[in-house]
Amino acid sequence: MLIQPPPADAAPPSRETPASTGAVTAAHDRVYRALRSRIMHGEILPGHALTLRGVGKEFGVSMTPARESVRRLAAEGALTLSASGRVSTPVLTNDRIEELAAIRALLEPELATRALPRAHIALIERLEAVNATIADVTARGDAAGYIRANLEFHRTLYLRAQAPAMLALAETVWLQLGPTMRLLYDRLRRNEVPRHHRLIVAALKAGDEPGLRLAVRSDVTGGLRMLAS
């Protein structure tokens, strides 16, 4: 059988190979995860401007993975893109803070309640260990460390809920609030483990569902609503 040559006006074959495509995907994922972690844990303040060139230079990647990472984070509400192409962390209005606090007040007590039947001694010991970490980073005035440990406390509890879709929604809210949480930490000047964390652990030990829901709701909304007031 004769193989006909391609027509003269046919598009040239793609020069991308599976290896090169995979490398770009891996670079994009690495940059995305690193920026996402920084934003969620308050390492970047509200209104901080980013450039694709700067992101690419910092992580040693080309413009493509830098651009795709920024677009992905913008889609999640972690970054804002202006009409002029400026990229920055969002500066939340009071109404937006109230809205996100309300979402946390709905989602997180439900996650905690679903986790309660699986709150065995190993989980309680883990939460107490995280609280010890919070006490340590608080004593050192480590704002990003405090936010990271605080979210670890909540994530550790909520993982026992076995509700991955609900937890993913909660993490998206945490991501949007990350830079604002840094401002809240600076305003509160914490010097000890949050009181509601101790109440959460006590409610888990007692199997107290109403007490658990109240402690979680108070913990996740009190400071944010003070910031919005």
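Criteria and thresholds
Residues numbered from 1 in each chain as written. Predicted model: local features only at pLDDT ≥ 70, side-chain atom pairs only at ≥ 80, totals over all residues. Heavy atoms only, no water. Helix = DSSP H or I, 4+ residues; strand = E, 2+ residues; numbered from the N terminus. Pairing = 2+ DSSP bridges. Phe/Tyr/Trp six-rings, centres within 6.5 Å; stacked < 30°, edge-to-face > 60°. Lys NZ or Arg CZ within 6 Å of the ring centre and 35° of its normal. Axes fitted to C-alpha atoms, helices over the stretch in contact; angles between N-to-C directions. Parallel < 35°, antiparallel > 145°, perpendicular 65-115°, else oblique. Contact = heavy atoms within 4.5 Å. Nonpolar A, V, L, I, M, F, W, Y, C, P; charged D, E, K, R; others polar.

Student: An account of unusual backbone geometry is needed here, citing residue identities and associated values.
Tutor: With a phi angle near 55°, Gln162 is a residue other than glycine that sits in the positive phi range. Structurally, Gln162 is set in the loop between helix H6 (143–159) and helix H7 (164–188).

Student: Before we move on, can you summarise the sheet that holds strand E3 (residues 87–88) with the specific residues and values?
Tutor: The sheet built from three strands is open, its strands ordered E1-E3-E2 with antiparallel pairing. Because the sheet does not close on itself, it has two edges, and the strands there are strand E1 (49–50) and strand E2 (80–81). For E2 and E3, the ladder comprises two bridges, and the chain directions are antiparallel. Looking across to E3, one finds that Leu81 is bridged to Val87.

Student: Kindly report on the packing of aromatic side chains, identifying the contributing residues and their values.
Tutor: Under the counting rule described, the total for this entry stands at one aromatic pair. When the ring centre of Tyr32 is taken as origin, the NZ or CZ atom of Arg72, which lies over that ring, is 3.6 Å away.

Student: Describe the packing of helix H4 (residues 94–115) against H6, with residues and values.
Tutor: Taken N-terminus to C-terminus, the directions of H4 and H6 make an angle of 50°; their axes are 7 Å apart at the nearest point. Judged on the interaxial angle alone, H6 and H4 are oblique. Residues Arg104, Glu108, Leu111, Ala112 and Ala115 of H4 touch H6, and the partners they reach there are His154, Leu157 and Tyr158. Its residues placed into classes, the contact of H4 with H6 shows five nonpolar, one polar and two charged.

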